[in-house]
Amino acid sequence: MNGKSMATQPAAAEAPRSGTTPVLEVRDISKNFEAVRALDGVSVAVHPGEVLGLVGDNGAGKSTLIKIISGVYQPDEGEILMDGRTLAMSTPHEARERGIETVYQHLALVNQLRVDGNLYLGREPNRFGFLGDLFQILDTPLMKAKTKEVMARLHIRIPGLESEPVHRMSGGQRQAAAIARAVHWGSKLLLLDEPTAALGAEQSAEVQRIIRRTCDSGIPAIVISHNLEHVFQVCDRIVVLRLGRKVLDCRADATSPDEVVAYITGSRGAVGHA
Amino acid sequence: MSTETVARPAEPSLHIRVWRLIERSNILTIPLIVLIIVMSLLSDRFFTEVNIYNILRATSIYIIIGVGQAFVMTSRNIDLSVGSMMALVMALVGTYLFNGGAIWIAILMALAVGLGLGLVNGLLVTILGVPALLATLGMLVTYRGLVNEYLYGTTVSRFPEFITYLGQGTVGPVPVPVIIALSVAAIGSLLYHFTRMGRYAVAIGGNEEAATLAGINVRLWKTIFFGFQGLLVGLGALVFLGRLDAAHPTVGVGLELHVIGGVVLGGTLLFGGKGTMWGVVLGMVLIAVLNNGLILAGAGFFIQQVFLGILLVLAVAAQTARHRREMGSSGG
Ligand SMILES: Nc1ncnc2c1ncn2[C@@H]1O[C@H](COP(=O)(O)OP(=O)(O)OP(=O)(O)O)[C@@H](O)[C@H]1O
Ligand SMILES: [Mg+2]
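All figures in this text were calculated on a predicted structure; none of them were measured in a lab.

1. Focus: the site of ligand 1
Residues and elements named next belong to chain A. Around ligand 1 sit 15 residues, and of these Gly59, Lys62, Ser63, Thr64 and His226 come closest. Here an oxygen atom of ligand 1 and a side-chain polar atom of Asn58 are 2.9 Å apart. One of the backbone N or O atoms of Ala60 is found 3.2 Å from an oxygen atom in ligand 1. Calculation on ligand 1 without its partners gives an accessible area of 640 Å², and the protein chains cover 65% of this total. Contributions of two or more residues to the shell around ligand 1 are made by strand 2 (36–46) and helix 2 (62–69).

Here is the structure:
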């Protein structure tokens with residue numbers, strides 16, 4: 001495959017896995033924030049078991065695209081399809097009910113709560129039957145036990161997991177907690193906005209393993225990262241956004257870091273769109 | 001993931017550890033103990049049973065209303081209207097009783113009016129989007145105006161025995177209002193630690209964006225916290241009605257500062273995200289002990305005000321310093 005020809009005709013590059021229905025697809029999405037055109041006619045499809053790397057300069061529109069897929073923003077134009085059917089999501093809650101889980105760039109953890117409190121935030125189970133439902137009594141033992149299970153399954157080790165609120169944890173531990181929450185609940189699609197941004201080398205590798213493992217079990221992911229090395233290690237496909245437009249969409253093994261950088265900075269690919 | 005390398009700085013020195021211990025326990029523990037010791041030395045009238053029960057009785061309505069305020073504050077809001085709201089409930093219910101109304105209707109009326117006024121505050125904040133500080137300041141004036149209009153300078157008094165029992169009665173040696181106040185604190189503590197209500201107060205106050213993203217109906221819960229505050233103001237109004245055996249136009253003036261002061265002194269964060277219901281009890285007792293000591297030492301009402309004001313500012317200053325240190329590195 002030739003990355004350059006795809007870049008000049010992004011629409012033609014749409015089917016790297018023709019035959020399977022994309023788990024999620026956005027078509028011709030545009031989004032304006034007053035004068036800023038954050039997204040301009042972007043189309044992206046994610047297929048089963050695929051890790052899609054979303055890269056681009058600061059302000060390219062990556063987080064905006066993620067937030068549209070997770071129901072935080074509504075697109076001004078374009079449509080979202082899940083399993084080939086059109087979706088309308090007006091709240092993050094609806095996206096989550098459909099199995100789309102997000103790790104936001106700013107993590108969206110409540111610092112004062114423990115990991116289990118954050119893992120179950122907004123979905124706390126009750127206990128003590130009828131009375132428990134009446135007074136909404138939290139089933140803390142269950143949440144703690146399940147959280148331990150999830151963390152063990154993902155090989156995440158956090159000292160003080162069961163006693164400490166997350167503000168006492170390091171950036172990496174907090175990141176791990178946010179990722180664990182997404183992996184635990186995500187049944188359809190994971191959206192990860194810079195999941196390795198706060199992490200050292202060893203922890204980044206661990207996060208990448210978690211992402212890889214989850215996706216190998218069939219759940220696809222969209223991963224945003226500024227670290228191209230990580231992107232090439234973990235992603236099957238790479239999409240480059242520049243100034244709100246898609247300028248590259250191709251298989252990771254069909255391009256190179258240098259080429260991707262060229263598209264990010266605009267030294268390639270932008271002219272055909274102007 | 002092994003992250004011990006990033007997790008902890010080097011072993012802290014001894015004085016830092018001791019400081020942390022003092023700090024992590026309630027900020028009031030030490031000053032309260034010191035104060036009680038000093039006062040018992042200064043006066044032989046302090047440690048009498050009568051005086052202790054006087055102190056506790058005086059704290060009752062502040063504790064009852066403070067528990068509601070602690071929930072509101074934990075969710076990063078504030079309700080300044082509680083004093084006027086209590087006066088309005090007292091005026092309405094007091095007049096109803098004065099005209100020979102039934103006790104159980106009066107009780108329901110106090111709770112319902114309190115709940116309703118609390119919900120009004122909540123809706124102003126969540127639906128109209130008025131910042132709580134201004135919305136409830138406006139209601140402080142509005143409710144007080146209604147009280148004045150309604151009572152028009154008169155005082156209603158002489159209520160049925162059951163009402164005065166709520167404010168003045170005793171069970172054995174223990175005043176009834178103290179029993180009510182401690183029950184409210186206990187229930188508040190259970191709600192705070194074990195139910196969704198407490199959990200969401202923390203979540204909304206700690207990180208409202210995260211709470212919204214997690215699908216929590218933030219507006220609904222904020223309104224519920226204001227409603228809960230109103231309900232407890234209704235209860236406090238009943239107790240105070242019984243204690244005074246009267247309702248007059250200036251009752252509860254300045255009560256909001258006393259309530260907020262005690263709640264903050266007790267350890268509930270003014271910035272939201274953390275509350276403590278037993279801390280409310282502790283905070284109110286501290287203020288009452290201080291007032292009592294000042295009275296025993298011969299200080300007048302104005303000096304009491306000066307001390308209360310300074311105490312509040314210091315309590316908030318201590319919180320701010322601590323909040324910066326604990327939350328500073330991890331924004332959001
Ligand atoms: N809520 C908002 N209100 C106004 N403008 C916004 C908002 N969110 C994003 N924008 C604008 O939209 C553009 C794209 O922002 P976005 O956050 O999607 O970039 P990004 O690719 O995630 O950048 P970064 O790598 O810095 O995270 C930027 O110009 C930004 O200023
Ligand atoms: Mg971003």
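2. Section: the confidence of the model for chain A
For chain A, the mean per-residue pLDDT works out to 88, and 91% of the residues sit at or above 70. A low-confidence stretch, residues 1–16 of chain A stays under pLDDT 50, and its non-local contacts, those more than four residues away or across chains, total 25 contacts.

3. A word on the side chain of A:Thr196
Residues and elements named next belong to chain A. The residue Thr196 is located in the loop between strand 7 (189–193) and helix 8 (201–216) in this model. Within the structure, Thr196 has its side chain in polar contact with the side chain of His230 (distance 3.2 Å). In contact with Thr196, other than residues within four places in its own chain, are Ser204, Val207, Ser225 and His230.

4. Description of the sheet that holds strand 2 of chain A
Two pairing modes exist for strands in a sheet, parallel and antiparallel, and in both the strands are linked by backbone hydrogen bonds. All names here are of chain A. Ordered in space as 2-1-4-5, the four strands form an open sheet in which the pairing is antiparallel. Pairing within the sheet leaves two strands with one partner each, and these edge strands are strand 2 and strand 5 (85–87). When strand polarity is set aside, the average angle formed by the axes of neighbouring strands in this sheet is 30 degrees. Pairing of strand 4 (residues 77–82) with strand 5, which is carried by three bridges, proceeds in the antiparallel orientation. The partner of Ile80 across the bridge, within strand 5, is Leu87. Here helix 2 sits on the sheet in contact with strand 1 (24–33), strand 2 and strand 4, set at roughly 120 degrees to strand 1.

5. A closer look at the coordination of the magnesium ion (ligand 2)
Distances from the magnesium ion (ligand 2) to its protein donors, namely A:Ser63 (OG) and A:Gln105 (OE1), fall within the range 1.9 to 2.3 Å. Taken together, the residues A:Ser63 in helix 2 and A:Gln105 in the loop between strand 6 (100–103) and helix 4 (115–119) connect sequence positions 42 residues apart.

6. Structural notes on the pairing of strand 1 of chain A
Residues and elements named next belong to chain A. Of the strand pairs in this sheet, strand 1 and strand 4 are connected by five bridges, and their pairing is antiparallel. Paired with Leu24 across the strands is Met82, a residue of strand 4. The antiparallel pairing of strand 1 with strand 2 creates a hairpin that spans two residues between the two strands, and Glu34 there sits at a positive phi of about 50 degrees.

7. Description of the pairing of strand 8 (residues 221–224) of chain A
Residues and elements named next belong to chain A. Of the two faces of strand 8, the one holding Ala221 and Val223 and the one holding Ile222 and Ile224 are both buried throughout. Two elements, strand 7 and strand 8, share four bridges in a ladder whose sense is parallel. Pairing of Asp193 across the sheet is with Ile224, part of strand 8. Where the polypeptide runs from strand 7 across helix 8 and back to strand 8, its parallel neighbour, the crossover connection is right-handed.

8. Things to note about the environment of A:Ser30
Residues and elements named next belong to chain A. Locating Ser30 in the fold gives a position in strand 1. In sequence terms Ser30 and Leu65 are 35 residues apart; their C-alpha atoms lie 9.2 Å from each other. Look past the residues within four positions of Ser30 in its chain and what remains in contact with it is Arg37, Leu39, Asp40, Gly41, Pro75, Asp76 and Glu77. At 3.2 Å, the side chain of Ser30 forms a polar contact with the side chain of Arg37. Of the polar contacts made by the side chain of Ser30, one reaches the backbone nitrogen of Gly41; its length is 3.0 Å.

9. Some thoughts on helix 2 of chain A
The buried count for helix 2 of chain A comes to six of eight residues, which makes it a mostly enclosed element. Buried residues of helix 2 of chain A: A:Lys62, A:Thr64, A:Leu65, A:Ile66, A:Ile68 and A:Ile69, and no others.

10. Examining helix 8 of chain A
Residues and elements named next belong to chain A. The end-to-end C-alpha separation of helix 8 is 22 Å, in line with the 22 Å expected for 16 residues at 1.5 Å each. When we look at burial in helix 8, the residues that qualify are Gln203, Ser204, Glu206, Val207, Gln208, Ile210, Ile211, Thr214 and Cys215. Just beyond helix 8, the residue with positive phi is Gly218, at close to 110 degrees.

11. Overview of the packing of aromatic side chains
Going through the model one piece at a time under the given rule, you end up with nine aromatic pairs over all chains. Relative to A:Trp185, the ring of A:Tyr120 has its centre 5.4 Å away and its plane inclined at 85 degrees; by these criteria the two rings are edge-to-face. Of this pair, A:Tyr120 sits in the loop between helix 4 and helix 5 (129–135) while A:Trp185 sits in helix 7 (residues 171–185), placing them 65 residues apart in sequence. Classification of A:Tyr120 as buried rests on a relative accessible area of 5%. Taken together, a centroid distance of 5.3 Å and an interplanar angle of 85 degrees make the contact between B:Phe71 and B:Phe228 edge-to-face.

Reading the values: rules and limits
- Residues numbered from 1 in each chain as written.
- Chains lettered and ligands numbered in written order.
- Predicted model: local features only at pLDDT ≥ 70, side-chain atom pairs only at ≥ 80, totals over all residues.
- Heavy atoms only, no water.
- Near = heavy atom within 4 Å.
- Polar contact = N/O pair within 3.5 Å; in protein donor to acceptor, adjacent residues only side chain to side chain.
- Areas by Shrake-Rupley, 256 points an atom, 1.4 Å probe, with all protein chains shown as cover.
- Helix = DSSP H or I, 4+ residues; strand = E, 2+ residues; numbered from the N terminus.
- pLDDT = per-residue confidence, 0-100.
- Contact = heavy atoms within 4.5 Å.
- Pairing = 2+ DSSP bridges.
- Axes fitted to C-alpha atoms, helices over the stretch in contact; angles between N-to-C directions.
- Donors = N, O, S within 2.8 Å, 3.2 Å for Na, K, Ca; no water.
- Buried < 20%, exposed > 50% of the residue type's maximum accessible area, 1.4 Å probe, protein only.
- Right-handed = clockwise from strand over helix to strand, strands pointing away.
- Expected span 1.5 Å × (residues − 1).
- Phe/Tyr/Trp six-rings, centres within 6.5 Å; stacked < 30°, edge-to-face > 60°.

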